[in-house]
Amino acid sequence: MALDIETAKSGEWDEILKVTLAAYEEYARDSSPEFWSNYQKSIERTILTDDSITRIVAREGDKIVGAVLFCSPYEKVMGGALVKNPFPEMRLLAISPAHRNRGIGALLIDFCEVKARAEGWPTITLHTTVLMQTAKQMYERRGYERYTDIDFVPVPGFTVWGYRKDIAVPVARGAGQTV
């Protein structure tokens with residue numbers, strides 16, 4: 001079945017939340033119950049109520065199988081510290097566990113990179129953690145580098161790492177194909 005990557009419709013936010021929570025559930029076992037509960041509430045609040053983000057989905061037929069949030073540059077308190085991110089950010093990249101290892105994450109990242117470049121941004125950012133080793137390795141393979149300016153500590157001893165990628169020049173993706 002064909003896969004479409006597109007901006008979500010407002011009636012799809014509950015489905016995006018369901019896919020995101022299912023994708024992130026694997027990190028619960030390595031987190032304290034309090035941390036995990038707070039993280040789930042933050043994910044829910046962001047997906048369902050944040051009007052400043054663009055929700056992007058991977059759709060197979062009429063089913064959402066992946067999602068990512070595209071956020072404008074911001075200044076906000078995160079983990080008790082003011083974080084200033086002068087670039088757009090990808091957040092909460094999530095692929096339904098049943099649909100992993102099919103390149104859906106790469107397509108969602110490509111969409112965000114193209115969107116940021118089309119809006120005139122030279123750089124795109126993201127956050128990841130020690131819990132998300134597979135994601136961290138994928139981002140690094142794609143050319144993302146540490147960007148400590150946007151690191152934050154939501155709870156003592158747990159750093160959320162910032163990453164950035166220069167996207168000002170189109171990235172070669174294969175013979176005759178650029179993104």
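Trainee: Looking at this model, I keep getting lost on the overall build of the protein. Mind explaining?
Mentor: For the protein, the count of helices and strands is 4 helices and 12 strands. Compactness check: the protein gives a C-alpha radius of gyration of 16 Å against a globular reference of 16 Å for 179 residues, within 12% of the reference. Taking the principal axes of its C-alpha atoms as reference, the protein extends roughly 50 × 35 × 30 Å. Burial statistics for the protein: of 179 residues in total, 46% are counted as buried. When contacts within the protein are restricted to residue pairs at least 6 apart in sequence, those whose partners lie at least 24 apart make up 64%. Across the protein, the 22 positively charged side chains and the 24 negatively charged ones have centroids separated by 2 Å.

Trainee: Quick question: what am I supposed to make of the packing of aromatic side chains here?
Mentor: The description of an aromatic ring pair uses the distance of the two centres, along with the angle that the planes make with each other. Evaluated as defined, the whole model comprises 7 aromatic pairs. With centroids separated by 5.9 Å and ring planes inclined at 65 degrees, the aromatic side chains of Y139 and Y144 adopt a geometry described as edge-to-face. Accessibility classification places Y139 together with Y144 in one group, the buried group. One Lys or Arg, R55, reaches over the ring of W13 and ends 3.5 Å from the middle of that ring.

Trainee: Can you walk me through the pattern of salt bridges in this structure?
Mentor: Side chains that carry opposite charge are capable of pairing whenever their charged atoms lie near each other. Counted according to the given criterion, the structure contains 12 salt bridges. Note that D110 is salt-bridged to R142, the shortest N-O span being 2.5 Å. Of the two residues, D110 sits in helix 3 (residues 104–118) while R142 sits in the loop between helix 4 (133–141) and strand 8 (145–146), which places them 32 residues apart along the sequence. Each member of the pair, D110 together with R142, is buried. Between R146 and D151 there is a salt bridge, with its nearest N and O atoms 2.7 Å apart. Using a relative accessible area of 34% as the deciding quantity, one classes R146 as partly exposed. Connected through salt bridges with shared partners, the residues E6, K9, E12 and R59 form a single ionic network.

Trainee: Would you explain the layout of surface pockets in this entry?
Mentor: In this model, the largest pocket occupies a volume close to 1,300 Å³. Along the walls of the largest pocket sit 49 residues, with Y24, Y39, L92, L93 and M132 positioned nearest its centre. Top contributing element to the lining of the largest pocket by residue count: helix 2 (residues 33–49), with 8 residues.

Trainee: What exactly am I supposed to notice about the nonpolar core here?
Mentor: General note: in soluble globular proteins, nonpolar side chains tend to be found buried as a group. Within the largest apolar cluster, 52 residues are counted, with the highest numbers of intra-cluster contacts made by Y24, M90, L108, I124 and Y144. The dominant element in this core, judged by the number of residues it contributes, is strand 3 (residues 63–71), at 7 residues. If sequence neighbours within four positions are ignored, Y144 has contacts with M90, I109, E113, I124, L126, Y139, Y163, R164 and K165.

Calculation rules
- Residues numbered from 1 in each chain as written.
- Predicted model: local features only at pLDDT ≥ 70, side-chain atom pairs only at ≥ 80, totals over all residues.
- Heavy atoms only, no water.
- Helix = DSSP H or I, 4+ residues; strand = E, 2+ residues; numbered from the N terminus.
- Rg over C-alpha atoms; globule rule 2.2 N^0.38 Å.
- Buried < 20%, exposed > 50% of the residue type's maximum accessible area, 1.4 Å probe, protein only.
- Contact = heavy atoms within 4.5 Å.
- Lys, Arg positive; Asp, Glu negative; His and termini not counted.
- Charge placed at Lys NZ, Arg CZ, Asp CG, Glu CD.
- Phe/Tyr/Trp six-rings, centres within 6.5 Å; stacked < 30°, edge-to-face > 60°.
- Lys NZ or Arg CZ within 6 Å of the ring centre and 35° of its normal.
- Salt bridge = Lys/Arg side-chain N within 4 Å of Asp/Glu carboxyl O.
- 1 Å grid on protein atoms, 1.4 Å probe; cavity = no way out; pocket = protein on both sides within 12 Å on 5 of 7 lines; lining within 4 Å.
- Points joined across faces, edges and corners; volume = space filled by probe spheres on them.
- Core = buried A, V, L, I, M, F, W, Y, C linked by side-chain atoms within 4.5 Å.

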